[in-house]
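Topology and contacts: notes
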Amino acid sequence: MRSDDHQPSSYERLTRPLVREDGRLRPASWEEALDRAAAGFRTGVERHGPDAFGMLSCARATNEMNFVAQKFTRVVMGTNNVDSCNRTCHAPSVAGLSAAFGSGGGTSSYAEVEDTDLVIVWGGNPRAAHPIFFQHVLKGLHNGARMFAVDPRRTSSAQWADRWLGLNVGTDIPLAHAIGREIIHAGLANETFIRRGTSGFEEYRELVEPWTLAAAEAETGVPAEAIRELAHAYATAERAQLCWTLGITEHHNATDNVKALINLALLTGHVGRHGSGLQPLRGQNNVQGGGDMGAIPDRLAGFQDILDAEVRTRFESVWNTSIQPSKGKTLTQMFESMDGGELKTLYIIGENPVQSEPETMTTTRRLERLDHLVVQDIFLTKTAELADVVLPASASWCESDGTFTNSERRVQLVRKALDPPPGARDDIAIMCDLAQRLGHAWQQPSAEEVWDELRSLSPIHRGMTYQRLEELHGIQWPCYSEDSLEPPFLHSRLWSTDPGKRGEAAPFGIVGHSPPVDLLDDDYPFRLTTGRRLDDYNTGVQTSGFSSPMRRGELLDISPEDAERLGIADGETVRVSSRRGSVLVPASIATEMRAGLVFMTFHFPDQVDTQLLTIDATDPVAGTAEYKAAAVNIEKLIEGAAPAGAAGAAPVPASP
Ligand SMILES: Nc1nc2c(c(=O)[nH]1)N[C@H]1C(S)=C(S)[C@@H](COP(=O)(O)OP(=O)(O)OC[C@H]3O[C@@H](n4cnc5c(=O)[nH]c(N)nc54)[C@H](O)[C@@H]3O)O[C@H]1N2
Ligand SMILES: Nc1nc2c(c(=O)[nH]1)N[C@H]1C(S)=C(S)[C@@H](COP(=O)(O)OP(=O)(O)OC[C@H]3O[C@@H](n4cnc5c(=O)[nH]c(N)nc54)[C@H](O)[C@@H]3O)O[C@H]1N2
Ligand SMILES: [Mo]
């Protein structure tokens, strides 16, 4: 890139702490900012108890930073209220996989995708959102694998597939059940595996019986023949990978969706063997690791149950503290409990909920109600603008040492490559300074010291020294000892002929269909689903600072049929309204869209606030919001009326 192509970032890196005075943020010294941050937390605990505090930890930062963040929450603040954006994406995958197999990680490795016969990409668009993983898929296809894509849109990933099943949003359970029924009726179920490794098959058989191919076609919009073809391809493949992402998990019944997919693997035995498995492709670069480190309200590091007294005792003796014997609040519960004034103080490290949570107005109102909000970020986000104290951090992925864990459970070492801008400080160092002010003699540890403490507490990480991680270019968990490695896939135990070695059988999930909460009607006849494009990242904070001819800002993707019916031209600004709010946005006529379906991202919230449209209906088990299904209306603006100054009317500027 020529240097004059470089555009200034719309978000400048934070280099000075800020504190709120007379309603405004002003620059402050580190001493003053840390004193203010700590004092607010102390007062909160004194007045309202430890559970009035909450921590949102950063899924973009290292394992070490997440380990310290959850330790800060549990040891310094005395609560289990710690969570991250895992809640907004794959918490349902973790819940569903744990219910079936006792642990929440994806079961396969990337290399197996190159060495398989069938890849199903279900509710995900890895060509845009997981391009590295997609390279492995392409190698698999090159090696002879077939690919099916299940997505309401004919995505750039689906365009590589042998078959695309374009289903109606929120009809994944009927589709999965019909596939299950067809496999059973065709005599293709793997009886050996069902007998050895699973429980509850009879109940499952009854559950799926009503979902004939015809019934499923009527509900999902997928032709019966395509459903039959996928069922037969999956059941007869020697090895098969079933991969899913947010098209499955960002629904009000997301954990049920995940279970419906897991059922298919249990029915066919496509789990626990090389080349066959289940892969929920995780979102943020370290959202897997953040959860593994215990930066979630119900698990201690290494996925150990907070309700298990023996587990707690081990952590308590190393940390010299007592850990509450109950689950903390999820991110969703933290936000809900701001309404009732239960949660009073919040420490956000590297999250931008004002622009990533559904229903912006509700989120903003809730954060404004807090007694004390501390935001530690690398940029002054819209969330940071609401804070009482803003602490400038270094960017973990390039300005710190540490480790990250990817979707295939592989822990990899990173080395600091850049110095943070002057004035910004390491996330871990900031937390240590706060801990000291709150009465704990924490000295700033090196990343490796944090990691070794984690290894001493988490059996699945025990064998991963920094030296081994470096030599082996990363290690997948579990890794129980320094002289061994486990197979790259999980749950081979389920195939064991020795019942003593098999462990718990994996139960079929007995789950029914539940359509999206936001119903379509005459006033709101279009289904809006939201997601990602290749060139941009989440709320745009980290990607708003460059321009490229590929980036056109926020757009409403609409099918050619609907555009023609409404008389909308490509690029014309339209009004999109849901039951919660409305935005103006340019339309983009897109052949990958089916009639009745429209698509937006949430990458340009400073221009077009998509979250004014989304609904905060959430999955009761995982707390994930139904970002993937809002009901909207689309209006053509009055002929000739220039939408001057209207939000979203302009193409994306390099620095809005
Ligand atoms: N370029 C880029 N990459 C990213 C990100 C980014 O912002 N930009 N973000 C990262 C993060 S945090 C995450 S979690 C991942 C997400 O990665 P993905 O989940 O792959 O991304 P999305 O585009 O949100 O949604 C995936 C697909 O779900 C489909 N879908 C919607 N509703 C349904 C439904 O009811 N059923 C089915 N079967 N499919 C449906 C959508 O059409 C969409 O193609 O990407 C990560 N990678
Ligand atoms: N409509 C709609 N909304 C969605 C989704 C959707 O599909 N549709 N997807 C949801 C999903 S899957 C996710 S994961 C969320 C994402 O929601 P967020 O996590 O809130 O959004 P990001 O834009 O990724 O914000 C990341 C923040 O972390 C900061 N940061 C990055 N690195 C570091 C670091 O090392 N240290 C510190 N202290 N800060 C750092 C960045 O500056 C940025 O402010 O959005 C959710 N919202
Ligand atoms: Mo995510």
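About the criteria used
- Residues numbered from 1 in each chain as written.
- Chains lettered and ligands numbered in written order.
- Predicted model: local features only at pLDDT ≥ 70, side-chain atom pairs only at ≥ 80, totals over all residues.
- Heavy atoms only, no water.
- Axes fitted to C-alpha atoms, helices over the stretch in contact; angles between N-to-C directions.
- Helix = DSSP H or I, 4+ residues; strand = E, 2+ residues; numbered from the N terminus.
- Parallel < 35°, antiparallel > 145°, perpendicular 65-115°, else oblique.
- Left-handed = near helix turned anticlockwise from the far one by under 90°.
- Contact = heavy atoms within 4.5 Å.
- Nonpolar A, V, L, I, M, F, W, Y, C, P; charged D, E, K, R; others polar.
- Domains from an automatic or database assignment.
- Salt bridge = Lys/Arg side-chain N within 4 Å of Asp/Glu carboxyl O.
- Polar contact = N/O pair within 3.5 Å; in protein donor to acceptor, adjacent residues only side chain to side chain.
- Core = buried A, V, L, I, M, F, W, Y, C linked by side-chain atoms within 4.5 Å.
- Buried < 20%, exposed > 50% of the residue type's maximum accessible area, 1.4 Å probe, protein only.
- UniProt positions renumbered as here; feature names shortened; annotations may be inferred.
- Lys, Arg positive; Asp, Glu negative; His and termini not counted.
- Near = heavy atom within 4 Å.
- Areas by Shrake-Rupley, 256 points an atom, 1.4 Å probe, with all protein chains shown as cover.
- Pairing = 2+ DSSP bridges.

The name given to the chain in an unreviewed UniProt entry is Formate dehydrogenase H, and the organism recorded there is Streptomonospora litoralis.

1. Examining the packing of helix H7 (residues 172–185) against helix H10 (residues 213–220)
Closest axis-to-axis distance for the H7/H10 pair is 9 Å, and the angle between their directions is 165°. Relative to H10, the element H7 lies roughly antiparallel. The handedness of the crossing between H7 and H10 comes out as left-handed. Along the contact surface, H7 presents Pro 174, Leu 175, Ala 178 and Glu 182, while H10 presents Leu 213, Ala 216, Glu 219 and Thr 220. Class assignment for the residues of the contact of H7 with H10 results in 5 nonpolar, 1 polar and 2 charged.

2. Considerations on the domain arrangement of the chain
Taken domain by domain, the chain holds domain 1 (27–77 + 286–474), domain 2 (91–280) and domain 3 (526–646). Taking the mean C-alpha position of each, domain 2 and domain 3 sit 28 Å from one another. On the domain 3 side, the residues contacting the 26 residues of domain 2 number 23 residues. Summed over the shared surface of domain 2 and domain 3, the number is 1 salt bridge. Note that Glu 250 and Lys 628 form a salt bridge whose closest N and O atoms lie 2.8 Å from each other. For the interface between domain 2 and domain 3, the tally reads 8 residue pairs in polar contact (both at pLDDT 80 or more).

3. Quick word on the nonpolar core
By size, the foremost hydrophobic cluster in this structure holds 65 residues, and its most contacted members are Met 55, Phe 72, Tyr 347, Leu 391, Met 431 and Leu 434. Ranked by residue count, the leading element in this core is helix H2 (residues 63–76), at 7 residues. Apart from residues lying up to four places away in sequence, Tyr 347 is in contact with Phe 41, Phe 53, Gly 54, Met 55, Leu 56, Phe 72, Val 374, Gln 376, Ile 430, Met 431 and Leu 434. Of all hydrophobic cores here, the second largest spans 55 residues; its members include Leu 175, Ile 179, Ala 224 and Leu 278.

4. With respect to the UniProt feature "domain: Molybdopterin oxidoreductase" (unreviewed entry) in the chain
Following the UniProt record, one finds the feature "domain: Molybdopterin oxidoreductase" (unreviewed entry) at residues 13–436. Between the C-alpha atoms that bound residues 13–436 there is a distance of 26 Å. The span itself is 44% helix and 16% strand.

5. Quick look at the packing of H10 against helix H11 (residues 224–236)
Interaxial distance between H10 and H11 falls to 8 Å at its minimum, and their mutual angle equals 115°. If you check the angle between H10 and H11, you find them roughly perpendicular. Where H10 crosses over H11, the handedness of that crossing is right-handed. Of H11, the residues touching H10 (which contributes Leu 213, Ala 216, Glu 217 and Thr 220) are Ala 224, Ile 227 and Arg 228.

6. Regarding the side chain of Arg 527
Its place among the elements puts Arg 527 in strand S20 (residues 526–531). Here Arg 527 occupies a buried position and makes no salt bridge, while the nearest side chain of opposite charge, Asp 518, is found at 5.2 Å. Polar contacts involving the side chain of Arg 527 include one to the main-chain carbonyl oxygen of Asp 518, which spans 2.8 Å. Here Arg 527 is in contact with Val 169, Pro 516, Asp 518, Leu 520, Gly 596, Leu 597, Val 598, Ala 629, Ala 630 and Ala 631, once residues within four sequence places are set aside.

7. Some thoughts on the UniProt feature "domain: Molybdopterin dinucleotide-binding" (unreviewed entry) in the chain
The residues that UniProt annotates with the feature "domain: Molybdopterin dinucleotide-binding" (unreviewed entry) are residues 526–630. End C-alpha to end C-alpha, residues 526–630 measures 8 Å, and it is 7% helix and 28% strand.

8. Re the site of ligand 1
Taken together, 33 residues form the shell around ligand 1, and within it Asp 151, Gly 170, Arg 532, Asp 536 and Asn 538 come nearest. In this structure, a nitrogen atom belonging to ligand 1 sits 3.3 Å away from a main-chain N or O atom of Gly 247. Here Arg 532 contributes a side-chain N or O atom positioned 2.7 Å from an oxygen atom of ligand 1. Contact with the protein chains removes 97% of the 910 Å² of surface that ligand 1 exposes when unbound. Broken down by secondary-structure element, the contributors of at least two residues to the shell around ligand 1 are helix H5 (126–129), helix H12 (246–249) and S20. In the shell around ligand 1, the residues fall into 11 nonpolar, 15 polar and 7 charged. Of the residues that make up the shell around ligand 1, three or more belong to each of domain 2 (91–280) and domain 3 (526–646).

9. Quick look at the site of ligand 2
Neighbouring ligand 2 are 36 residues, the closest being Asn 352, Ser 356, Asp 377, Ser 396 and Thr 539. At 3.5 Å from an oxygen atom of ligand 2 is found a main-chain nitrogen or oxygen belonging to Ser 394. Surface burial for ligand 2 is 99%, taken as the share of its 930 Å² of free accessible area covered by protein chains. Residues belonging to the shell around ligand 2 are distributed by class as follows: 14 nonpolar, 15 polar and 7 charged. Looking at which domains feed residues into the shell around ligand 2, each of domain 1 (27–77 + 286–474) and domain 3 (526–646) gives three or more.

10. Focus on the side chain of Arg 74
Take Arg 74: it is sitting in helix H2. Asp 298 is the oppositely charged side chain nearest to the buried, salt-bridge-free Arg 74, at an N-O distance of 6.6 Å. At a separation of 2.8 Å, a polar atom in the side chain of Arg 74 contacts the main-chain carbonyl oxygen of Gly 294. Look past the residues within four positions of Arg 74 in its chain and what remains in contact with it is Thr 79, Asn 80, Val 82, Gly 294, Ile 296, Pro 297, Asp 298, Arg 299, Leu 300, Ile 306, Trp 319 and Ile 323.

11. Overview of the environment of Glu 359
Tracing the backbone through its elements, the reader meets Glu 359 in the loop between helix H17 (353–356) and helix H18 (360–369). According to the relative accessible area criterion, Glu 359 is buried, its value standing at 17%. Remark: the alpha-carbon pair of Glu 359 and Tyr 627, spanning 268 residues in sequence, is separated by 10.0 Å. Not counting chain neighbours up to four residues away, the residues in contact with Glu 359 comprise Arg 580, Gln 611, Thr 614, Ile 615 and Asp 616.

12. Thoughts on the pairing of strand S15 (residues 389–392)
Residues Val 389 and Leu 391 point to one face of S15 and Val 390 and Pro 392 to the other, with burial holding for every one of them. In this sheet, S15 lies alongside strand S1 (residues 18–21) in antiparallel orientation, the contact comprising 2 bridges. Paired with Val 19 across the strands is Val 389, a residue of S15. Strand direction decides the pairing type here: strand S14 (residues 372–377) and S15, joined by 4 bridges, are parallel. Directly across from Val 375, in S15, lies its bridge partner Val 390.

13. Examining helix H20 (residues 427–437)
Of all 11 residues in H20, 9 are buried; the element is thus mostly enclosed. Residues of H20 that are buried: Asp 427, Ile 428, Ala 429, Ile 430, Met 431, Cys 432, Asp 433, Leu 434 and Ala 435. Two to three positions downstream of the cap, the backbone nitrogen of Ile 428 sits 2.9 Å from a side-chain oxygen, assigning the N-cap of H20 to Asp 426.

14. Remarks on the sheet that holds strand S9 (residues 240–244)
Pairing in this open sheet of 5 strands is parallel, and the strands run S7-S6-S5-S9-S10 from one edge to the other. Each end of this open sheet is capped by a strand with a single partner; those strands are strand S7 (163–165) and strand S10 (277–280). In this sheet, neighbouring strand axes are inclined to one another by 15° on average, regardless of whether the strands run parallel or antiparallel. Contacts between H7 and the sheet are confined to strand S5 (118–122), strand S6 (146–150) and S7, with S5 contributing the most and set at about 155° to the helix.

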